[in-house]
Amino acid sequence: EAGVVQSPRYKIIEKKQPVAFWCNPISGHNTLYWYLQNLGQGPELLIRYENEEAVDDSQLPKDRFSAERLKGVDSTLKIQPAELGDSAVYLCASSPDTMGTGELFFGEGSRLTVL
Amino acid sequence: AQSVTQLGSHVSVSEGALVLLRCNYSSSVPPYLFWYVQYPNQGLQLLLKYTSAATLVKGINGFEAEFKKSETSFHLTKPSAHMSDAAEYFCAVTRGSNFGNEKLTFGTGTRLTIIP
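Residues numbered from 1 in each chain as written. Chains lettered and ligands numbered in written order. Predicted model: local features only at pLDDT ≥ 70, side-chain atom pairs only at ≥ 80, totals over all residues. Heavy atoms only, no water.

Describing the side chain of A:S75
All names here are of chain A.
Then comes step 1: Counting through the fold element by element, S75 comes out in strand β8 (residues 75–79).
Then comes step 2: A relative accessible area of 1% places S75 in the buried class.
Then comes step 3: Side-chain polar atoms of S75 contact the side chain of W34, separated by 2.9 Å.
Then comes step 4: Reaching out from S75, the side chain makes a polar contact with the backbone oxygen of E68 at a distance of 2.9 Å.
Then comes step 5: In contact with S75, not counting residues within four places along its chain, are F21, W22, C23, L32, W34, Y49, E68 and R69. (Helix = DSSP H or I, 4+ residues; strand = E, 2+ residues; numbered from the N terminus. Buried < 20%, exposed > 50% of the residue type's maximum accessible area, 1.4 Å probe, protein only. Polar contact = N/O pair within 3.5 Å; in protein donor to acceptor, adjacent residues only side chain to side chain. Contact = heavy atoms within 4.5 Å.)

Written out as structure tokens, the structure is:
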């Protein structure tokens, strides 16, 4: 069974440029998460989807960040414009059910460097 | 709200020695607790989880953890460290049972170094 797939793995951009990250969750997983991981820190939730609905986006900086999950499968996270402080790893995760087993399956992450 | 505190951002042990990584949690309801491992330039991989069944939980690669409600702890142990155990370890918590697939709240991580 394929795992969570993210692309690109690495992205280097100049500040004020836009950037987008893509995530394909494990087949059949209805819940999808985007986490932000700063260097030396644990992951922090940005947004959680149940199917195509964003059910928790309270930590998403909506002035520059946006996300979508069309058709309840793949998801895209966008930053426009990027700032120096956005340099981090963006992790996508999915989970198989809505009844709270709690286990998340993570992709390898997209490492963003903003110059 | 739920939170976890990992004591010690860096831990070094000799190969073959006991590994002990500490995690204390705070939760207003019975929690589910997890340990994840992250190797360099990779995503997080589940080591083990506690979901209100047995308090001693065994995971992959010889790791285990014990849920102690009285101490609000969920420390990770392995009897004999191997060089391949060098990685970053994260403790995480979520509300369990009827609260659905809410977010996992992670600790700040413990970097484990194995000394040959």
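Thoughts on the layout of surface pockets
Then comes step 1: Approximately 520 Å³ is the volume found for the largest pocket.
Then comes step 2: Along the wall of the largest pocket there are 28 residues; nearest its centre are A:Q37, A:L39, A:G40, A:R111 and B:Q38.
Then comes step 3: When contributions to the lining of the largest pocket are tallied by element, the ones reaching two or more residues are β9 (88–95) and β11 (110–114) of chain A together with β9 (87–95) of chain B.
Then comes step 4: Per-element accounting of the lining of the largest pocket gives the leading share, four residues, to β11(A).
Then comes step 5: Looking at the lining of the largest pocket residue by residue, the classes come out as eight nonpolar, 15 polar and five charged.
Then comes step 6: Its boundaries defined by the atoms lining it, the second largest pocket holds a volume of some 170 Å³.
Then comes step 7: What lines the second largest pocket is simply A:G3, A:V4, A:I26, A:E103, A:L104, A:F105, A:F106, B:Y36, B:L44, B:Q45 and B:L46.
Then comes step 8: Among the secondary structure elements, those contributing two or more residues to the lining of the second largest pocket are β10 (105–106) of chain A together with β5 (44–50) of chain B.
Then comes step 9: Of all the elements, β5(B) adds the most residues to the lining of the second largest pocket, at three residues.
Then comes step 10: Classifying every residue of the lining of the second largest pocket gives eight nonpolar, two polar and one charged. (1 Å grid on protein atoms, 1.4 Å probe; cavity = no way out; pocket = protein on both sides within 12 Å on 5 of 7 lines; lining within 4 Å. Points joined across faces, edges and corners; volume = space filled by probe spheres on them. Nonpolar A, V, L, I, M, F, W, Y, C, P; charged D, E, K, R; others polar.)

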